[in-house]
Amino acid sequence: MSARHVLAALICMMASPFADAASLRIGSKNFTESIVLAEIVRLEGARHDLVMQHRQALGGTRILWRALQEGSIDVYPEYTGTLTQELLPGLRADADINTIRAALAKQGIGMGEPLGFEDGYALGMREDVAAREGVATISDLGQHAGLRFGLSSEFVDRGDGWPGLQRAYALPQTVRGMDHDLAYRALADGAVDVVDLYTTDAEIAYYHLRVLTDDRHYFPAYRAVLLFRMKALQDAPALASTLDAVAGRINVEAMRQMNAQVKLQRHSERDVAAGFLGIAIEPAAQRSRFDDILQRTREHLLLVALSLGFAIVLAVPLGIVAARHRRLGQLVIAMTGVLQTVPSLAMFVFMIPLFGIGAAPAIAALFLYSLLPIVRNTHAGLVGIAPELRESAAALGLPSRERLFRVELPLALRSILAGIKTAAVINVGTATLGALIGAGGYGQPIVTGIRLDDIGLILEGAIPAALLALIVQGMFEWIEHRLTPRGLRLAARE
């Protein structure tokens, strides 16, 4: 068994509190419509005695697609235009359902019949600004180079997004990438003039936006469908009847109303989905904010504790090796330094093919981020020991191993603990990104709060995360004080 498989087994075993036994796992992207659709499928599945666990708001298209391919989820809602333009290169934008289904089958993925509505991309402006500037079509934007574009980060980089749109319409503007939901607020506040829309968004009517006509027919059809792993269909035949039951059932107006009920009227996605299906469900047990924070704290602590524990076990020995072998030490520090330069969200996503969706990839990413401060401080603490102290220990006839554990490590302890403290505080903050891949923790209310424009939810994650970072820092300072030999503490005071 390879080291990678051993690490994966350990992480998955220790992260088992995050797991929830379920026959199938349905995923959703980090926007309201996807979550509502996943809830509709989950509740309809229950009618067919199919137990499904909903992994909510896992991120963007690529994360869900990879999770489906790797088997971390079994079903998720997608759109045909995204499939032809972004996920299945080589297909024509106007490829029909059977052609798309055949291309997916080659990868072991099936596709249900369309759900009954389209949710396409479009560009939009505030009605008053569009009227003042005389903009009605996307082509008109070419005559207004000064307009400020605030486009969702995914749209900025998608093959069917801004790069192709800019070429098709010869648009002169530069764009800023931002969260899709934040872009609406920026538009309402006048910070930007043009944003990308999903055509079923409730915000279009709420903010009185003008949807610009795609007069060159750049955007393909985005028909809502459900993707599933064919193996999941074999393991759970009831999935087929569930998919058939929701096919063709949702029209555009129904989807807009459901989005509005969640985004504007603050109903839960579960209740909105149940209302659409006409299902009478037991009211969700009322949980206090304290209960929610307590649950998120347990999840967050487990992410930080496991990743930091693994890092200490590996990084301290690496720091010792780096201190004793100069050339090898330079290589070790350089390699751990390179890991630190990888953007946080990218590191989390890179772990998905190895560990799937959930706590395990988050722990693996945090583990890698913890290595550099611990390795570097262990190395610095050991090489910083005064030569005369080393010579004295050697003169006493202590063997190399004894010198390390009796003299060198105690003298370097303050530096080593400082590195562990730094790694722990960094992990507390970085772990909030784990919510984007289903790891839970304090990031979950932050992500949900941004999506629903709920400051209370954002603070529910942000304030405890900040307090936990302060507590962790204080705890390690206390440990440092207790473990540092008294003579070294007195010398530090002097």
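Above this text you will find the structure in question.
Because the structure is a prediction, the values reported are computed rather than measured.

Here is what the cut-offs are and how they apply
- Residues numbered from 1 in each chain as written.
- Predicted model: local features only at pLDDT ≥ 70, side-chain atom pairs only at ≥ 80, totals over all residues.
- Heavy atoms only, no water.
- 1 Å grid on protein atoms, 1.4 Å probe; cavity = no way out; pocket = protein on both sides within 12 Å on 5 of 7 lines; lining within 4 Å.
- Points joined across faces, edges and corners; volume = space filled by probe spheres on them.
- Helix = DSSP H or I, 4+ residues; strand = E, 2+ residues; numbered from the N terminus.
- Nonpolar A, V, L, I, M, F, W, Y, C, P; charged D, E, K, R; others polar.
- Axes fitted to C-alpha atoms, helices over the stretch in contact; angles between N-to-C directions.
- Parallel < 35°, antiparallel > 145°, perpendicular 65-115°, else oblique.
- Left-handed = near helix turned anticlockwise from the far one by under 90°.
- Contact = heavy atoms within 4.5 Å.
- Salt bridge = Lys/Arg side-chain N within 4 Å of Asp/Glu carboxyl O.
- Buried < 20%, exposed > 50% of the residue type's maximum accessible area, 1.4 Å probe, protein only.
- Phe/Tyr/Trp six-rings, centres within 6.5 Å; stacked < 30°, edge-to-face > 60°.

Caption draft 1: Here's a closer look at the layout of surface pockets. Size it by volume and the second largest pocket reaches roughly 1000 Å³. If you go around the second largest pocket, you meet 37 residues; those closest to its centre are N30, G59, G60, T61 and E154. If you list the elements that add at least two residues to the lining of the second largest pocket, you get helix 3 (61–70), helix 4 (80–87), helix 7 (153–157), helix 9 (180–188), helix 17 (344–350) and helix 22 (443–452). Per element, the largest residue contribution to the lining of the second largest pocket is 6 residues, and it comes from helix 3. Tallied by class, residues from the lining of the second largest pocket come to 15 nonpolar, 12 polar and 10 charged.

Caption draft 2: Highlighting the packing of helix 4 against helix 5 (residues 97–105). Two elements in contact, helix 4 and helix 5, have axes whose closest approach is 11 Å; the angle formed by their N-to-C orientations is 55°. Between helix 4 and helix 5, the interaxial angle falls into the category oblique. Helix-helix and strand crossings are classified by hand; for helix 4 and helix 5 the assignment is left-handed. Here helix 4 contributes T80, L83 and T84 to the contact with helix 5, which in turn contributes I97, I100 and L104. In terms of residue class, the contact of helix 4 with helix 5 is made up of 4 nonpolar, 2 polar and no charged.

Caption draft 3: Summary view of the pattern of salt bridges. In this structure the tally under the stated criterion is 25 salt bridges. The shortest N-O distance in the salt bridge between E86 and R62 comes to 3.7 Å. Note that E86 is positioned in helix 4 and R62 in helix 3, a separation of 24 residues in sequence. Accessibility expressed as a relative area gives 15% for E86, which makes it buried. By relative accessible area, R62 is classed as partly exposed at 46%. Of the charged contacts in the structure, one is a salt bridge between K263 and E203, with a shortest N-O distance of 2.3 Å. Of the two residues, K263 sits in helix 13 (residues 252–263) while E203 sits in helix 10 (residues 203–206), which places them 60 residues apart along the sequence. Of the two residues examined, K263 and E203, each falls in the buried class. Sharing partners across several salt bridges, the network here consists of R25, D74 and R229.

Caption draft 4: Region of interest: the packing of aromatic side chains. Across all of its chains, the model carries 10 aromatic pairs by this definition. Measuring from ring centre to ring centre gives 5.7 Å for Y121 and Y222, while their planes differ by 90°; the resulting arrangement is edge-to-face. With Y121 in strand 5 (residues 121–126) and Y222 in the loop between strand 9 (209–211) and strand 10 (224–229), this pair connects stretches of sequence that are 101 residues apart. No difference in accessibility class separates Y121 from Y222, as the two residues are buried. Centre to centre, the rings of F149 and W162 are 5.4 Å apart; their planes meet at 55°, and the pair counts as tilted. With a gap of 13 residues between them, F149 in strand 6 (residues 149–152) and W162 in helix 8 (residues 162–169) connect regions that are remote in the sequence. By relative accessible area, which is 6% here, W162 ends up buried. Within the aromatic cluster, the residues linked to one another by ring pairs are F31, Y121, F155, Y198, Y218, F219 and Y222.

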